[in-house]
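# Commentary on secondary and tertiary structure
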Amino acid sequence: MGVPERSIARAVHEGKVIRYAPGCYSFATAPVAVMRAVQFRARIGCLTACEGAGLPVWDMPKMPHLIVPRSRSSSRRPVSDLESVRLHRIDDLRASGLWTPVRHAIDQASGCCSPLAQLVLIEAALKAGAMSLEHLRAMQLGTARRRKWLNRWASSTSESPLETVARAGFLCAGLSVEQQVEVDGVGRVDMLVEGALVVEADGWGFHADRSAFETDRERDGAALELGMPVLRVTSRMLRADLEGVTRRVAAIVGRQPRASFPAQLAWLEGAPRCSPGTMRPQLTRSPSREHHNVRRVA
């Protein structure tokens, strides 16, 4: 852009610009993911691209996730540089642009997060219109069991990650769940379990002021007058003990979780068995042109 090298050197000396790799400079406010993508000549993908698109990431990545061609060697890069990123190697990287499209980034996340965390991404993307059910059915990565489960349970009704996580736990236990239900005299509630218990997912950002606090208590009282107890669950509760929360809900509505509940929940919250370096689409038929596009990006 016509900036003399001596001006860049002076800016580095004065702390206005940082040199984070040979030939790579940035302002101190530049996102780390962008800096690393430039350094590795890569695209930003997977969980990092989902976070950049504003989606709620239940399993927050500890380092940038980048997409590079499978054929590119990293043998000459310092170990410290390689330990600062997580590389996804794919067969073809023809697509342009720094950021991987949301629908492909969510597909890539199958190798880096639990099925539950991926469901959080999918439902948020469906709600925001960044992904469609057709895109969901076209996902190619991860196990067949995971893709089948995601296609069966994904919904655009959830209005927060907490609702997605709580609903997934309840469904695993065999409980019936209705979301965003209008109750006369109470208003719209997050979830109605077995038609008898109101479950509200309380995120701190939406319930931190006194007015919201008072309104919630008024709604709770109105629900109790109708014979519907209210249980409020928080992010800390769901992250720490989703099984315990689900069993409490089942006990309140007088139901026993199905026998397979512990095993299914362990799978739901568990880490994937594949690694980004070995992820490949699992095709059972000749892919269409759209599927070829997914393979190139994802």
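Nothing here was measured: the structure is a model prediction, and the numbers come from that model.

Moving on, we come to the overall build of the chain. Across its full length, the chain holds 13 helices and 9 strands. The buried share among the 298 residues of the chain stands at 46%. By sequence separation, contacts in the chain at least 24 residues apart represent 61% of the contacts at least 6 residues apart. About 15,800 Å² of surface is accessible on the chain, with carbon and sulfur atoms providing 51% of the total.

Moving on, we come to the nonpolar core. Ranked by size, the top nonpolar core spans 63 residues in total, and within it Ile 106 and Ile 122 carry the most contacts. Looking at which element gives the most residues to this core, the answer is helix 6 (residues 115–128), with 9 residues. One finds Val 181, Val 189, Leu 192 and Val 198 within the second-largest nonpolar core, a separate group that totals 6 residues.

The next point concerns the state of the cysteines. Inspection of every chain in the model, using the stated rule, returns 0 disulfides. Free cysteine: Cys 112, not disulfide-bonded; nearest cysteine sulfur from Cys 46 at 3.6 Å. On the basis of relative accessible area, Cys 112 is assigned to the buried category, the value being 14%.

All right, on to the pattern of salt bridges then. Per the stated rule, a full pass over the model turns up 5 salt bridges. Between Arg 167 and Glu 123 there is a salt bridge; the shortest N-O distance is 2.7 Å. With Arg 167 in helix 9 (residues 161–172) and Glu 123 in helix 6, this residue pair connects regions lying 44 residues apart in the sequence. The class of Glu 123 is buried, set by a relative accessible area of 1%.

For helix 6, spanning 14 residues, the distance from its first C-alpha to its last is 20 Å, which sits close to the expected 20 Å at 1.5 Å a residue. With 12 of 14 residues buried, helix 6 lies mostly within the body of the structure. Note on helix 6: the residue one or two positions beyond its end, Gly 129, has a positive phi of about 80 degrees.

Another aspect to go through is the packing of aromatic side chains. Here the structure, examined in full by the defined rule, presents 1 aromatic pair. Consider the rings of Trp 149 and Trp 267, whose centres lie 5.9 Å apart with planes at 80 degrees: the pair is edge-to-face. Note that Trp 149 is positioned in helix 8 (residues 144–153) and Trp 267 in helix 12 (residues 261–269), a separation of 118 residues in sequence. A single burial state applies to Trp 149 and to Trp 267, both of which are buried. Geometry around Phe 40 places Arg 77 over its ring, the cationic atom sitting 4.3 Å from the centre. Taking the ring centre of Trp 58 as reference, the NZ or CZ of Arg 239 above it sits at 3.7 Å.

Another aspect to go through is the sheet that holds strand 6 (residues 177–183). Within the open sheet, the 4 strands sit side by side as 6-7-8-9. Their pairing is mixed. The two strands at the open ends of the sheet, each matched to only one other strand, are strand 6 and strand 9 (230–234). Direction aside, neighbouring strands of the sheet carry axes that sit 40 degrees apart on average. Examined bridge by bridge, strand 7 (residues 187–193) and strand 8 (residues 197–202) share 3 bridges and lie antiparallel to one another. Across the sheet, residue Leu 192 finds its bridge partner in strand 8, namely Val 198. On top of the sheet, helix 11 (residues 235–252) reaches strand 7, strand 8 and strand 9; it is set at about 160 degrees to strand 9, its chief contact.

Right, let's talk about the confidence of the model for the chain for a bit. Mean pLDDT over the chain: 82, with 80% of residues reaching 70 or higher. The secondary-structure element of the chain with the lowest mean pLDDT is helix 13 (residues 289–297), recorded at 38, while helix 6 shows the highest, at 94. Note that residues 274–298 has pLDDT below 50 and, in this model, 60 contacts with residues that lie over four places away or in other chains.

In this section: the sheet that holds strand 4 (residues 65–69). Pairing is mixed across the open sheet formed by 3 strands, whose spatial order is 3-4-5. For this open sheet the edge positions go to strand 3 (43–44) and strand 5 (86–90), each flanked by a neighbour on one side alone. One ladder, built from 2 bridges, connects strand 3 with strand 4; its direction is antiparallel. Residue pairing across strands places Ile 44 opposite Leu 66, the latter belonging to strand 4. Across the sheet, helix 2 (residues 32–40) is in contact with strand 3, strand 4 and strand 5; its angle to strand 4 comes to roughly 15 degrees.

It is worth spelling out the side chain of His 65 at this point. Looking at the secondary structure, you find His 65 in strand 4. A distance of 3.3 Å separates a polar atom in the side chain of His 65 from a polar atom in the side chain of His 88. With residues near it in sequence (within four places) discarded, His 65 still touches Arg 43, Ile 44, Gly 45, Cys 46, Leu 47, Thr 48, Arg 86, His 88 and Cys 112.

Glycine aside, residues mostly have negative phi, and peptide bonds are mostly found in the trans state. One non-glycine residue with positive phi stands out, namely Arg 41, at about 50 degrees. Within the element layout of this structure, Arg 41 appears in the loop between helix 2 and strand 3. Note on Arg 41: relative accessible area 56%, which makes it exposed. Look at Glu 194: it is not a glycine, yet its phi comes out positive at around 55 degrees. By the element assignment, Glu 194 lies in the loop between strand 7 and strand 8.

Rules behind the numbers
- For every chain, the first residue of the written sequence is number 1, and numbering continues from 1 along that sequence.
- Only residues with pLDDT of at least 70 get local features here, since the model is predicted, and only at 80 or more are side-chain atom pairs given and counted; chain-wide, interface and lining totals rely on the full set of residues.
- The side-chain figures draw on all heavy atoms in the structure; neither hydrogens nor water molecules are used.
- Numbering goes from the N terminus for both helices and strands, where a helix is a DSSP run of H or I of at least four residues and a strand is a run of E of at least two.
- Relative accessible area decides the class of each residue, using a 1.4 Å probe on protein chains only: under 20% of the type maximum gives buried, over 50% gives exposed, and in between gives partly exposed.
- Note on contacts: a residue pair is in contact if any heavy atoms of the two residues lie within 4.5 Å.
- Every accessible area reported is derived by Shrake-Rupley at a probe size of 1.4 Å, with residue values counting cover from the shown protein chains alone.
- Working definition of a nonpolar core: buried Ala, Val, Leu, Ile, Met, Phe, Trp, Tyr and Cys residues. They are joined through side-chain atoms within 4.5 Å.
- Cysteine sulfur pairs qualify as disulfides if the two atoms are within 2.5 Å.
- Definition used for salt bridges: Asp or Glu carboxyl oxygen within 4 Å of a side-chain nitrogen of Lys or Arg.
- Expected span of a helix, by definition, is 1.5 Å for each gap between consecutive residues, and there is one gap fewer than residues.
- Pairing of aromatic rings covers Phe, Tyr and Trp, the last through its six-membered ring, and needs centres within 6.5 Å; plane angles under 30 degrees mean stacked, over 60 mean edge-to-face, and all others mean tilted.
- Here, a charge over a ring means that NZ of Lys or CZ of Arg falls within 6 Å of the ring centre while also lying within 35 degrees of the ring normal.
- In this description, strands pair whenever DSSP reports at least two bridges between them.
- In this analysis, axes come from line fits to C-alpha atoms, helices being fitted only over the stretch in contact, and the angle between any two N-to-C directions falls in the range 0 to 180 degrees.
- Known as pLDDT, the predictor's confidence for each residue is given on a scale from 0 to 100.
- Here a polar contact is recorded for every N or O atom pair within 3.5 Å, except that within protein the pair must consist of a potential hydrogen donor and a potential acceptor, and residues adjacent in sequence are included only if both atoms are side-chain atoms.

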